[in-house]
Amino acid sequence: MSPPLLMLQDVRKSFGAKPVLDGVSLDVAAGKSLVILGGSGTGKSVTLKLILGLLRPDSGRIVFDGDDITFSQGKARERMRARTGMLFQSGALFDSLTVWENVAFRLLNSERLGRKDARDRAVASLKQVHLAPDVADLRPAELSGGMQKRVGLARAIVGRPELIFFDEPTTGLDPITADAINDLILEQTRALGAAAISITHDMASARKIADEIAMLHAGRIIWRGPASAIEASGNDYVDQFVHGRAVGPIQPAL
Amino acid sequence: MSNASMPETTRLATNPVRWLGRATLAVLQEVGELAVFFLSVALASLTPRWYPGQILRQMVTIGFYSLPVVGLSAVFIGAALALNIYTGGSRYGAEQFVPNIVVLGITRELGVTITGLMLAGRVSAGIAAEIGAMRVTEQIDALSTLSARPTRYLYAPRFLAGVITLPLLVIIADIIGVMGGWAVSVFGLGFDSTTYLRNTVDFVTTEDIAVGLIKAVVFGGIIAIMGCFHGDRSTAGATGVGRAATFAMVGAAILILAFNYILSSLFVELGL
Ligand SMILES: Nc1ncnc2c1ncn2[C@@H]1O[C@H](COP(=O)(O)OP(=O)(O)O)[C@@H](O)[C@H]1O
Ligand SMILES: [Mg+2]
């Protein structure tokens, strides 16, 4: 078996006195799609931010393609980020820039591509997420929620990443738009041969895009297995989540 | 009731020493964080790589769009200053010194302080609200993942624009302030226009103007840093961003007044 592309070992993180992650271990192989399930506020976004170096863990190890990146900054961190893409939960498009400048942001500012070439690549990337070239000159605020997600996806894939993070890609979308986004995620990660880590509480989305599923609860991964095994996990917590029941071992976050 | 079973707030209220200790520590920590933030932004401003497009855009936002506010404030302050000096001066028969004291007061003190305070409201709060909104919508995280450091891409351009633009605004405020005093004196108090202007120009020194401009550089830095600092620490929700804007404005205004005094005493020491 090839070594994993990304690996988390016993990662812990608290905010003040509040523990959020209490020893999370995970790994994902190149080209595979891992979905992390978990309720609201269980630390799914925090997990991604720790991997990307936007937050620092209290302890544990994060290894990307054999390099320990747990606390890396500067050049080493830039190298890791250049090989990854991220679709943020809120889209996080820059509202002062046009759609194409958003998509081409890394090309313009980090790879120092000329504006003409950068624009061409942005438009090509927009086309891959089924957006017409005429949205390129709009501002993000002029787009619908679904279109903003597409632009965010175009921005995440424009650098041809090996690993893409999706933070609740379908939250806040209607079921039809959500399904279209799921299709795009599948299509684009396959086209790139990229690995994906997606976090969601949307079971339809998880079933569709996951090779493997892990469940985060109370700061730990309490179950992990192939996507096909999620219905018969034999785990009460997972069952409650999969079937969306208020009654069970997990207390609803009210 | 035992101490341990009381709620936190009650315990603090009944123990003022502990409360004072906590508050002092919190203030010290805040000052420390602000100092570290300032140093990292200043360092990023002095070393490549720079984003000229961002700097230019900020200069327009901070400078150009502040012109009406600064001009209006300056003309009224200059006019009121002339009236007060005239009233005070007439007690000693010293009315003829109005042009001298107006230009001195405006260039060394009022032009720059009024500009600074107006921009603490307009610009510092504006920066905090903008950066705060970017923080809570994850745009600042997105910048980092796209290999653009927020300190270089967002904060340094605002800092540079602040320290470059404020002196330019203050020159304009000085001129308009002096003209406000001139207008009141000539049209309201019976001064001769030519004599008033000649007295103004003869009296004011390069040092007077330099003192105001040095203060302007410092105030420009304070305005930008306070906006960025509070925006960067903004927490989610509509109230979070609003609080960031308020903190930035109040903090910048207080720092401006404090540094105005510190710099004034320094200049006195130096004989400027
Ligand atoms: N920067 C932060 N500072 C303090 N607390 C945070 C921060 N980021 C997240 N948290 C807290 O950590 C918990 C997990 O957050 P998050 O990972 O965003 O949840 P989710 O699983 O819904 O994505 C939440 O209770 C949140 O309030
Ligand atoms: Mg989240």
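This text gives an overview of the structure that appears in the document. Bear in mind that the values here come from a model prediction, so they are computed numbers and not experimental data. (Residues numbered from 1 in each chain as written. Chains lettered and ligands numbered in written order. Predicted model: local features only at pLDDT ≥ 70, side-chain atom pairs only at ≥ 80, totals over all residues. Heavy atoms only, no water.)

Once that is clear, we can look at the coordination of the magnesium ion (ligand 2). The magnesium ion (ligand 2) binds to the protein through S45 of chain A (OG) and Q89 of chain A (OE1); the donor distances cover 2.0 to 2.5 Å. Of this pair, S45 of chain A sits in helix α1 (residues 44-51) while Q89 of chain A sits in the loop between β6 (84-87) and α3 (99-103); the two residues are 44 residues apart in sequence, bridging distant segments of the chain. (Donors = N, O, S within 2.8 Å, 3.2 Å for Na, K, Ca; no water. Helix = DSSP H or I, 4+ residues; strand = E, 2+ residues; numbered from the N terminus.)

Each aromatic ring pair is described using two quantities: the centre-to-centre distance and the angle formed by the ring planes. Following the criterion strictly, the structure yields 10 aromatic pairs over all chains and no others. For the pair F38 of chain B and F159 of chain B, a centre-to-centre distance of 6.0 Å together with 70° between the ring planes defines the contact as edge-to-face. Within this pair, whereas F38 of chain B is found in helix α2 (residues 16-46), its partner F159 of chain B is found in helix α7 (residues 150-188), the two being separated by 121 residues in sequence. Ring geometry for F191 of chain B against Y196 of chain B: centres 5.9 Å apart, planes inclined by 85°, an arrangement best described as edge-to-face. Each of the two residues, F191 of chain B as well as Y196 of chain B, counts as buried. Just above the ring of F94 of chain A sits the side chain of R155 of chain A; from NZ or CZ to the centre is 4.9 Å. (Phe/Tyr/Trp six-rings, centres within 6.5 Å; stacked < 30°, edge-to-face > 60°. Buried < 20%, exposed > 50% of the residue type's maximum accessible area, 1.4 Å probe, protein only. Lys NZ or Arg CZ within 6 Å of the ring centre and 35° of its normal.)

With that out of the way, let us pick up the layout of surface pockets. Space inside the largest pocket adds up to approximately 1,300 Å³. For the lining of the largest pocket, the elements supplying multiple residues, two or more each, are α1 and α2 (74-82) of chain A together with α2, α5 (98-136), α6 (139-145) and α7 of chain B. Looking at the lining of the largest pocket element by element, the count peaks at 5 residues for α2 of chain B. Across the lining of the largest pocket, the residue classes break down as 14 nonpolar, 15 polar and 12 charged. Each of domain 1 (1-47) and domain 2 (50-270) of chain B contributes no fewer than three residues to the lining of the largest pocket. (1 Å grid on protein atoms, 1.4 Å probe; cavity = no way out; pocket = protein on both sides within 12 Å on 5 of 7 lines; lining within 4 Å. Points joined across faces, edges and corners; volume = space filled by probe spheres on them. Nonpolar A, V, L, I, M, F, W, Y, C, P; charged D, E, K, R; others polar. Domains from an automatic or database assignment.)

Counting residues at the interface gives 22 residues for chain A and 17 residues for chain B. Interface area for chain A against chain B, summed over the two sides, is near 1,800 Å², with a carbon-plus-sulfur share of 51%. Our count for the contact surface shared by chain A and chain B stands at 2 salt bridges. Linking chain A with chain B are 11 residue pairs in polar contact (both at pLDDT 80 or more). Of all elements in the fold, only α2 and α4 (105-109) of chain A reach the threshold of two or more residues within the side of chain A that touches chain B. Residues of the side of chain A that touches chain B, tallied by class, amount to 8 nonpolar, 6 polar and 8 charged. (Contact = heavy atoms within 4.5 Å. Buried area = accessible area lost by both parts, 1.4 Å probe. Salt bridge = Lys/Arg side-chain N within 4 Å of Asp/Glu carboxyl O. Polar contact = N/O pair within 3.5 Å; in protein donor to acceptor, adjacent residues only side chain to side chain.)

What follows concerns a nonpolar patch on the surface. Residues and elements named next belong to chain B. A contiguous nonpolar surface patch, about 490 Å² in accessible area, is contributed by I164, L168, I171, I175, M179 and L197. Top contributing element to the nonpolar patch by residue count: α7, with 5 residues. Its location among the elements puts M179 in helix α7. Its relative accessible area of 35% is what places M179 among the partly exposed residues. (Patch = residues over 30% accessible without salt bridge, like charges linked within 9 Å, V, L, I, M, F, W, Y side chains within 5 Å. Areas by Shrake-Rupley, 256 points an atom, 1.4 Å probe, with all protein chains shown as cover.)

Residue and element names in this part refer to chain B. The N-to-C vectors of α2 and helix α9 (residues 206-232) enclose an angle of 115°; their axes lie 10 Å apart at closest approach. By the angle class used here, α2 and α9 are roughly perpendicular. In this structure, the crossing between α2 and α9 has a hand that is right-handed. In this structure, α2 uses E30, E33, L34, F37, F38 and V41 to contact α9, whose residues at the interface are I225, M226, C228, F229, H230 and D232. Partitioned by chemical class, the residues of the contact of α2 with α9 number 8 nonpolar, 1 polar and 3 charged. (Axes fitted to C-alpha atoms, helices over the stretch in contact; angles between N-to-C directions. Parallel < 35°, antiparallel > 145°, perpendicular 65-115°, else oblique. Left-handed = near helix turned anticlockwise from the far one by under 90°.)

Residues and elements named next belong to chain A. Residues in contact with ligand 1, as listed here, are F15, K18, V20, G39, S40, G41, T42, G43, K44, S45 and V46. A distance of 2.7 Å is found between an oxygen atom of ligand 1 and a backbone nitrogen or oxygen belonging to G41. In this structure, an oxygen atom belonging to ligand 1 sits 3.0 Å away from a main-chain N or O atom of G43. Considered on its own, ligand 1 offers 560 Å² of accessible surface; in the complex 61% of this is hidden by protein. (Near = heavy atom within 4 Å.)

This next bit is on helix α10 (residues 238-270) of chain B. Residue and element names in this part refer to chain B. With 33 residues, α10 ought to run about 48 Å at 1.5 Å a step, and its terminal C-alpha atoms sit 47 Å apart, in line with that. Lining the buried residues of α10 we find α5 and α9. Backbone geometry just after α10 places G271 at a positive phi near 75°. (Expected span 1.5 Å × (residues − 1).)

So, on to empty space enclosed by the protein. Throughout the structure, instances matching the rule amount to 2 cavities of 30 Å³ or more. Only β6 and α6 (145-157) of chain A together with α6 of chain B provide two or more residues apiece to the lining of the largest cavity. For the lining of the largest cavity, the element with the most residues is β6 of chain A, which contributes 3 residues. Of the residues assigned to the lining of the largest cavity, the class counts are 8 nonpolar, 4 polar and 2 charged.

Working definition: the strands of a sheet are paired by backbone hydrogen bonds and lie parallel or antiparallel to each other. Residue and element names in this part refer to chain A. Pairing within the open sheet is mixed, and its 6 strands lie in the order β6-β7-β8-β3-β9-β10. Edge positions in the open sheet fall to β6 and β10 (220-226), since each of these has one partner strand only. Recorded for the sheet is a direction-independent mean angle of 15° between the axes of neighbouring strands. The sheet contact formed by β6 and strand β7 (residues 163-167) spans 4 bridges and is parallel. Bridge pairing in β7 links T84 to L163. (Pairing = 2+ DSSP bridges.)

Here the focus is the packing of α5 of chain B against α9 of chain B. All names here are of chain B. In the contact formed by α5 and α9, the axes pass within 7 Å of each other and the chain directions differ by 15°. When the interaxial angle is binned, α5 and α9 end up roughly parallel. Of the two possible hands of crossing, α5 and α9 adopt the one that is right-handed. Broken down by class, the residue content of the contact of α5 with α9 amounts to 16 nonpolar, 8 polar and 6 charged.

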